[in-house]
Amino acid sequence: MTAFAAEALDGAFADAPAEASRAFRAALDAMSRPGTLQHAGGARPPAPLPPAAGALALTLVDAETPVWLAPELRAGPVEAWLRFHCNAPLNAAPEAAAFAFGSPASLLAELDRFAIGTPEYPDRSTTLVVLLDAFEGAEAELTGPGIRGTARLALGSSRAEILALAAPNRALFPQGRDLFLAAEGRLAALPRSTRLREV
Amino acid sequence: MYVAVKGGERAIDNAHAWLAEARRGDVSVPELSLAQIREQMTLAVNRVMAEGSLHDPDLAALAIKQARGDLIEAIFLVRAYRTTLPRFGHSVPLETSEMAVSRRVSATFKDAPGGQVLGPTFDYTHRLIDFALAAEGEAPEAPTAPPLAERTPHIAEFLDAEGLLQSEPEGGETPSDLTRQPLAFPADRALRLQALARADEGFTLSLAYSTQRGYGRNHPFVGELRVGMVAVEAEIPELGFAVEIGEVELTECETVNQFAGSRTEPPQFTRGYGLTLGHCERKAISMALVDRAMRWKELGEDDVGAPAQDEEFVLSHCDNIQATGFLEHIKLPHYVDFQAELELIRQLRREAEAAQAQARAEAQAAKEAAQ
Amino acid sequence: MTAAAPTRADPDYNFAYLDEQTKRMIRRALLKAVAIPGYQVPFASREMPMPYGWGTGGVQVTAATLTPEDTLKVIDQGADDTTNAVSIRKFFQRVAGVATTEATAEATLIQTRHRIPETPLTEGQILVYQVPIPEPLRYLEPRETETRKMHALEEYGLMHVKLYEDIARHGHIATSYAYPVKVEGRYVMDPSPIPKFDNPKMSNSPALQLFGAGREQRIYAIPPWTEVVSLDFEDHPFDPGGAREACALCDARGVYLDEVIVDDAGGRMFVCSDTDHCRGRIEAGHVGASAPAAAPHGAPA
């Protein structure tokens with residue numbers, strides 16, 4: 001077996017029902033309380049997929065969810081890992097994707113093509129999983145449902161791109177795209193209902 | 001003195017014990033075996049399989065026993081079990097023209113290749129209670145004939161060849177799955193047929209009957225009704241071809257419906273289609289009539305407002321597990337809502353009485369003033 | 001009070017009963033529901049081993065949300081010991097092995113039918129509602145195809161007309177439970193058949209509120225700190241109502257009371273609907289007018 005294949009077989013949840021339940025609660029807490037950082041562990045995906053994004057994929061992605069992968073994730077160990085563990089269609093067009101994984105810049109390049117849902121079914125939208133290095137540095141101020149008053153989230157050098165990813169949501173609501181942000185073992189979310197500004 | 005009712009848990013346990021005892025009935029009477037139910041209550045077993053959407057006669061027999069013969073309850077047990085089963089794959093489409101028929105009748109042609117096979121039918125029995133059955137004697141042996149060697153073609157093929165029947169092109173796309181995706185409207189025909197295949201027999205029958213009486217009449221002839229065994233084949237990815245993994249009994253009904261033509265279609269016959277697991281011919285015929293009624297839009301017919309034409313009405317109410325659950329849940333406590341209604345109705349009555357009293361007083365005052 | 005420590009889940013079933021694929025499907029729907037507060041997300045509800053109408057939507061939401069570390073409370077009509085609550089609690093004890101409690105403050109996840117607990121919920125708690133008919137416009141327009149359009153267009157005139165007709169006829173809005181609300185200024189939402197008395201508790205709650213309708217295949221949510229407004233008119237503001245009496249057992253006022261008929265002559269008394277809240281007050285020394293000295297409410301009979 002090649003090292004490449006071995007890497008693809010490794011790193012899933014050891015106890016899937018329990019660890020997926022915990023990772024889901026982290027995702028649910030993140031989505032319910034925008035700006036908070038949640039620990040999402042249990043997965044050891046190959047780089048550059050952060051462990052938190054791996055846990056999210058194992059918890060939410062399967063054969064019923066077409067996935068769009070950014071160019072930097074394609075045809076490498078990340079794609080092999082997702083294919084093996086999630087059994088998901090990984091070559092979806094952005095318009096058809098239930099989930100899109102990539103760096104802020106890669107997602108931003110295709111942003112207009114990702115689904116925003118329809119007026120009658122705004123849930124039929126693409127969820128963007130934004131891969132970051134860390135939650136550090138320059139901050140954004142958040143308001144909206146799930147936030148008591150205001151919250152702050154450190155986005156560092158990706159701040160402008162992330163604000164741009166979320167920016168169309170204000171005018172599109174209730175259509176729009178929800179964002180998960182993943183760095184190392186931590187997860188944050190920016191649902192379409194969250195308003196952001198630089199601080 | 002009032003003490004809040006406690007002991008819900010013990011009450012539930014006791015009720016379950018009583019249920020088990022009632023299920024067994026008089027212990028001096030021998031207990032039913034699953035094999036007896038499976039072999040001698042076959043049409044009940046078939047209905048449970050059809051509406052439970054699971055082909056397993058032994059499991060259906062067990063469900064009937066557990067449900068004390070309440071078929072909707074038995075269907076529910078099968079459905080709840082079904083959802084826990086892993087899904088390994090799906091079969092290739094069944095080929096009902098390859099069916100080994102045990103019954104095959106057509107109302108449109110006196111004879112056709114393959115012939116009319118009456119099979120085990122109630123149709124021509126006199127509905128006289130047969131007291132001989134009470135004596136538990138051996139059944140007389142039925143005469144047998146060699147099975148038909150050739151395939152039994154569908155009657156519709158003959159009409160189709162003449163161009164008199166609307167053709168039904170084979171759809172290449174994978175139909176959506178009612179059990180995996182939430183029902184949304186408008187529903188395509190594949191989805192409607194899926195819903196009808198597991199729909200309550202009584203509901204489907206009554207809707208079909210309503211179309212015959214003029215609520216969306218579509219002039220059906222039973223082009224063909226066939227019952228028999230059909231092979232189930234599945235693609236095995238490792239082998240690269242389909243292999244037979246078993247066979248199931250099916251009932252298929254194709255109706256031929258009169259159709260004068262519409263804005264978009266020339267005059268021709270059209271079809272309604274019914275298919276069920278097991279031998280369930282009343283259900284299969286009903287299904288075909290309701291299917292045809294719901295096709296009004298694609299055929300450019302008028303919506304006459306008949307219940308059977310209304311796919312949202314039909315599909316939202318045809319599932320007896322959903323229906324019985326919601327109906328029976330009104331047995332559950334609703335103290336809180338009832339209390340809210342009590343408060344409201346008392347308030348409304350107080351206000352109404354006060355208003356009446358004031359009106360009387362005003363009338364009295366006016367009367368006195370006039371005097 | 002019955003509380004139970006975590007136990008070993010029944011090995012014949014997956015953790016929390018549902019298979020992982022079904023959980024993923026429900027989890028995806030839940031995240032969308034939270035992201036679009038008050039919007040009904042369709043989901044492919046599964047047949048559960050309990051009838052539709054018995055809380056299958058709530059049970060599926062709970063099953064998809066529970067972790068092994070959770071402490072679960074289940075109430076029906078405000079009480080932990082009504083048959084439906086007992087049955088659902090037992091189900092999760094068996095298939096998930098989670099700890100259970102009757103104390104609102106100790107629970108991390110509360111599944112409810114028809115009530116919101118009196119004890120204020122806190123940050124980190126999740127309240128799961130069982131919902132029979134999730135569509136607030138359903139009794140005004142039976143077609144889903146039509147009501148979906150109304151939500152899409154934010155066209156809620158029909159609801160206002162209905163409420164105004166009530167006022168014209170009765171002088172009030174004659175809806176006492178399942179009183180419609182508007183979430184964060186956008187979607188009109190059915191709060192499930194809670195008494196309107198409970199409606200104000202939904203707004204700006206520190207807890208996450210999730211709603212599951214199994215038969216109708218819908219999930220919706222109210223995130224924490226989200227504005228929930230009961231529909232009303234300027235000249236007829238929303239009135240939560242509520243009993244004028246105090247609880248006969250714990251003397252609580254400003255809580256929701258059940259009316260209980262106590263004798264053949266139609267004598268009646270009012271007691272807390274929330275049995276855990278009542279027990280807590282009795283233990284703290286509050287005494288109602290009909291409190292039995294030796295057998296407090298909630299003690300084994």
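Just so you know, these numbers come straight off a predicted model, no measurement behind them.

Cut-offs and rules
- Residues numbered from 1 in each chain as written.
- Chains lettered and ligands numbered in written order.
- Predicted model: local features only at pLDDT ≥ 70, side-chain atom pairs only at ≥ 80, totals over all residues.
- Heavy atoms only, no water.
- Helix = DSSP H or I, 4+ residues; strand = E, 2+ residues; numbered from the N terminus.
- Rg over C-alpha atoms; globule rule 2.2 N^0.38 Å.
- Contact = heavy atoms within 4.5 Å.
- Areas by Shrake-Rupley, 256 points an atom, 1.4 Å probe, with all protein chains shown as cover.
- Lys, Arg positive; Asp, Glu negative; His and termini not counted.
- Charge placed at Lys NZ, Arg CZ, Asp CG, Glu CD.
- Buried area = accessible area lost by both parts, 1.4 Å probe.
- Salt bridge = Lys/Arg side-chain N within 4 Å of Asp/Glu carboxyl O.
- Nonpolar A, V, L, I, M, F, W, Y, C, P; charged D, E, K, R; others polar.
- Domains from an automatic or database assignment.
- Polar contact = N/O pair within 3.5 Å; in protein donor to acceptor, adjacent residues only side chain to side chain.
- UniProt positions renumbered as here; feature names shortened; annotations may be inferred.
- Buried < 20%, exposed > 50% of the residue type's maximum accessible area, 1.4 Å probe, protein only.

## Structural notes on the overall build of chain B
- Along its length, chain B carries 12 helices and 4 strands.
- Against the globule reference of 21 Å for 371 residues, chain B gives a C-alpha radius of gyration of 28 Å, more extended than a compact globule.
- Each of the three principal axes of chain B carries a C-alpha extent, and together these read 105 × 65 × 55 Å.
- Look at the contacts in chain B between residues 6 or more apart in sequence, and 66% of them connect residues 24 or more apart.
- Accessible area for chain B stands at about 22,000 Å²; split by element, carbon and sulfur atoms hold 58% of it.
- Taking the 36 positively charged and 58 negatively charged side chains of chain B as two groups, their mean positions are separated by 7 Å.

## Focus on the interface of chain C and chain B
- Listed per partner, the contact involves 65 residues of chain C and 47 residues of chain B.
- Taking both partners together, chain C and chain B bury about 4,800 Å²; carbon and sulfur atoms supply 57% of that area.
- In this assembly, chain C and chain B are joined by 5 salt bridges.
- Of the charged contacts in the structure, one is a salt bridge between Arg346 of chain B and Glu259 of chain C, with a shortest N-O distance of 2.7 Å.
- Ranked by residue count, the leading element in the side of chain C that touches chain B is helix α3 (residues 83-96) of chain C, at 5 residues.
- Along the lines of polarity and charge, the residues of the side of chain C that touches chain B split into 31 nonpolar, 18 polar and 16 charged.

## Brief notes about the domain arrangement of chain B
Residues and elements named next belong to chain B.
- Examined at the domain level, chain B breaks down into domain 1 (8-82) and domain 2 (96-120 + 149-167 + 181-322).
- For domain 1 and domain 2, the distance between their C-alpha centres works out to 29 Å.
- Of the residues lining the interface, 14 residues belong to domain 1; the matching set on domain 2 comes to 18 residues.
- Interface area, domain 1 with domain 2, both sides summed: about 1,200 Å², of which 56% is carbon and sulfur.
- Three residues, Glu51, His55 and Arg79, lead the burial of domain 1 against domain 2; their summed loss comes to 41% of the area buried on that side.
- Here domain 1 is connected to domain 2 by 2 salt bridges.
- Among the ionic pairs, Arg47 bridges to Asp200, the shortest N-O distance being 3.0 Å.
- The tally of links from domain 1 across to domain 2 stands at 6 residue pairs in polar contact (both at pLDDT 80 or more).
- Listed by contribution, the elements that provide at least two residues to the side of domain 1 that touches domain 2 are α3 (42-52) and α5 (71-82).
- Of all the elements, α3 adds the most residues to the side of domain 1 that touches domain 2, at 6 residues.
- Within the side of domain 1 that touches domain 2, the residues separate by chemical class into 7 nonpolar, 3 polar and 4 charged.

## Here we look at the environment of Val227 of chain B
Residues and elements named next belong to chain B.
- By secondary structure assignment, the location of Val227 is in strand β2 (residues 220-236).
- Spatially, the C-alpha atoms of Val227 and Ala363 are 79 Å apart, while their sequence positions differ by 136 residues.
- Here Val227 is in contact with Met99, Ala100, Val101, Ser102, Arg103, Glu249, Leu250, Thr251, His279 and Glu281, once residues within four sequence places are set aside.

## Thoughts on the UniProt feature "coiled-coil region" (unreviewed entry) in chain B
- On the UniProt side, "coiled-coil region" (unreviewed entry) is annotated at positions that read residues 335-369 of chain B here.
- Spanning residues 335-369 of chain B, this segment combines 100% helix with 0% strand, and its end C-alpha atoms are found 50 Å apart.

## Brief notes about the pattern of salt bridges
- In this structure the tally under the stated criterion is 60 salt bridges over all chains.
- Among the salt bridges present, the one from Glu31 of chain B reaches Arg24 of chain B, with a minimum N-O distance of 4.0 Å.
- Classification of Glu31 of chain B by relative accessible area gives partly exposed; the value is 47%.
- Judged by relative accessible area, Arg24 of chain B falls into the partly exposed class, the value being 29%.
- For Lys201 of chain C, the salt bridge identified is with Asp198 of chain C, shortest N-O distance 2.7 Å.
- Look at Lys201 of chain C and you get partly exposed, because its relative accessible area is 26%.
- Taking relative accessible area as the criterion, Asp198 of chain C reaches 0% and is therefore assigned buried.
- Taken together, the shared-partner salt bridges in this structure form one network comprising Glu168, Arg189, Arg192, Asp291, Arg295, Glu298 and Glu311 of chain B.

## What to know about the domain arrangement of chain C
Residues and elements named next belong to chain C.
- When its domains are assigned, chain C resolves into domain 1 (20-136 + 179-230) and domain 2 (242-291).
- With 14 residues of domain 1 in contact, the opposing surface of domain 2 contributes 10 residues.
- The largest per-residue losses of area from domain 1 upon contact with domain 2 belong to Arg115, Glu118 and Phe197, which jointly make up 46% of the total buried on that side.
- Counting every contact that joins domain 1 to domain 2 gives 0 salt bridges.
- Our count for the contact surface shared by domain 1 and domain 2 stands at 7 residue pairs in polar contact (both at pLDDT 80 or more).
- Taken together, the residues of the side of domain 1 that touches domain 2 sort by class into 5 nonpolar, 4 polar and 5 charged.

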